[in-house]
Amino acid sequence: MEAKGREKETMLAISTGMLVLYFIFDKPWMVVVAAVAGGIGLLFPMLAHVITKGWLKLAQALGWFNGRVLLSLVFFVVLTPIALLRRMGKSDSLVLRPRREGSLWTVRDHTYVPEDLKDPW
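Because the structure is predicted, anything quoted here is derived from the model rather than measured.

Some thoughts on helix α3 (residues 45-88)
1) Next: Between the first and last C-alpha of α3 there are 61 Å, a value that for 44 residues agrees with the 64 Å anticipated at 1.5 Å per step.
2) Next: The largest bend in α3 amounts to roughly 35° and is located at Leu-79, with the proline Pro-81 lying one to four residues further along.
3) Next: Within α3, the full set of buried residues consists of Ala-48, Thr-52 and Leu-56.

Some thoughts on the packing of helix α2 (residues 29-43) against α3
1) Next: Across the interface, α2 lies against α3 with an axial gap of 6 Å and an inter-helix angle of 120°. Taken together, the axes of α2 and α3 lie oblique to each other. By crossing handedness, the relation of α2 to α3 is classed as left-handed. Every residue of α3 that contacts α2 at Ile-40, Gly-41 and Leu-43 is listed here: Pro-45, Leu-47, Ala-48 and Ile-51.
2) Next: The residue makeup of the contact of α2 with α3, split by class, is six nonpolar, one polar and no charged.

A closer look at unusual backbone geometry
1) Next: Not every positive phi belongs to a glycine, and Asp-26 is a case in point at roughly 55°.
2) Next: Here Asp-26 shows up in the loop between α1 (7-25) and α2.
3) Next: Exposure remark for Asp-26: the relative accessible area of 54% places this residue in the exposed category.

Some remarks on the side chain of Glu-7
1) Next: Relative to the helices and strands, Glu-7 resides in helix α1.
2) Next: In this structure the side chain of Glu-7 is engaged in a polar contact, spanning 3.1 Å, whose partner is the backbone nitrogen of Gly-5.
3) Next: When near neighbours in sequence (up to four residues on either side) are disregarded, Glu-7 contacts Pro-45, Ala-48, His-49 and Thr-52.

So, α2
1) Next: In a regular helix each residue adds 1.5 Å, so 15 residues correspond to 21 Å; α2 covers 21 Å between its end C-alpha atoms and thus fits that length.
2) Next: Those residues of α2 that fall on the buried side of the exposure criterion are Met-30, Ala-34, Ala-37, Ile-40 and Gly-41. When α2 is viewed along its axis, its buried side chains cluster within an angular range of 130° and face the same direction. Summarising the geometry of α2, the exposed residues directed more than 90 degrees from the buried face are Val-32, Ala-35, Leu-42 and Leu-43.
3) Next: On its buried face, α2 is in contact with α1 and α3.

Details of the nonpolar core
1) Next: Listed in full, the eight residues of the largest apolar core are Met-11, Ile-14, Met-18, Met-30, Ala-34, Ala-37, Ile-40 and Ala-48.
2) Next: Broken down by secondary-structure element, the contributors of at least two residues to this core are α1 and α2.
3) Next: Examining the composition of this core, we find that four residues originate from one element, α2, more than from any other.
4) Next: Here Ala-34 is in contact with Ser-15, Met-18 and Leu-19, once residues within four sequence places are set aside.

Parameters at a glance
Residues numbered from 1 in each chain as written. Predicted model: local features only at pLDDT ≥ 70, side-chain atom pairs only at ≥ 80, totals over all residues. Heavy atoms only, no water. Helix = DSSP H or I, 4+ residues; strand = E, 2+ residues; numbered from the N terminus. Expected span 1.5 Å × (residues − 1). Bend = angle between axes of the 7 residues up to and from the residue. Buried < 20%, exposed > 50% of the residue type's maximum accessible area, 1.4 Å probe, protein only. Axes fitted to C-alpha atoms, helices over the stretch in contact; angles between N-to-C directions. Parallel < 35°, antiparallel > 145°, perpendicular 65-115°, else oblique. Left-handed = near helix turned anticlockwise from the far one by under 90°. Contact = heavy atoms within 4.5 Å. Nonpolar A, V, L, I, M, F, W, Y, C, P; charged D, E, K, R; others polar. Polar contact = N/O pair within 3.5 Å; in protein donor to acceptor, adjacent residues only side chain to side chain. Arc of directions from axis to C-beta. Core = buried A, V, L, I, M, F, W, Y, C linked by side-chain atoms within 4.5 Å.

In structure tokens, the structure reads:
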């Protein structure tokens, strides 16, 4: 990610985020942090550039964490037990298990009528 030219947007995002957190948690120091971040963004472009680089590195680290750790936890803690319970059940709504006849082909001899196409949802 490139930090060049995004300093004001980043500092504005930090300031806005701190103000939103202030309204949620009612901690006065958050308003001070928001004001300082906004002032740095307007008055000290070199310091804002350094903060922006750090902010983008933090965002990159959080993206890595979310993509690998949290999604893996969701997969193994939530989806895997559901899949195992579903497999242990007798239901085969997707017709994935072979039938006694040995074929997965389903013959559906159906003549479509206009009511079949009305309100398909």
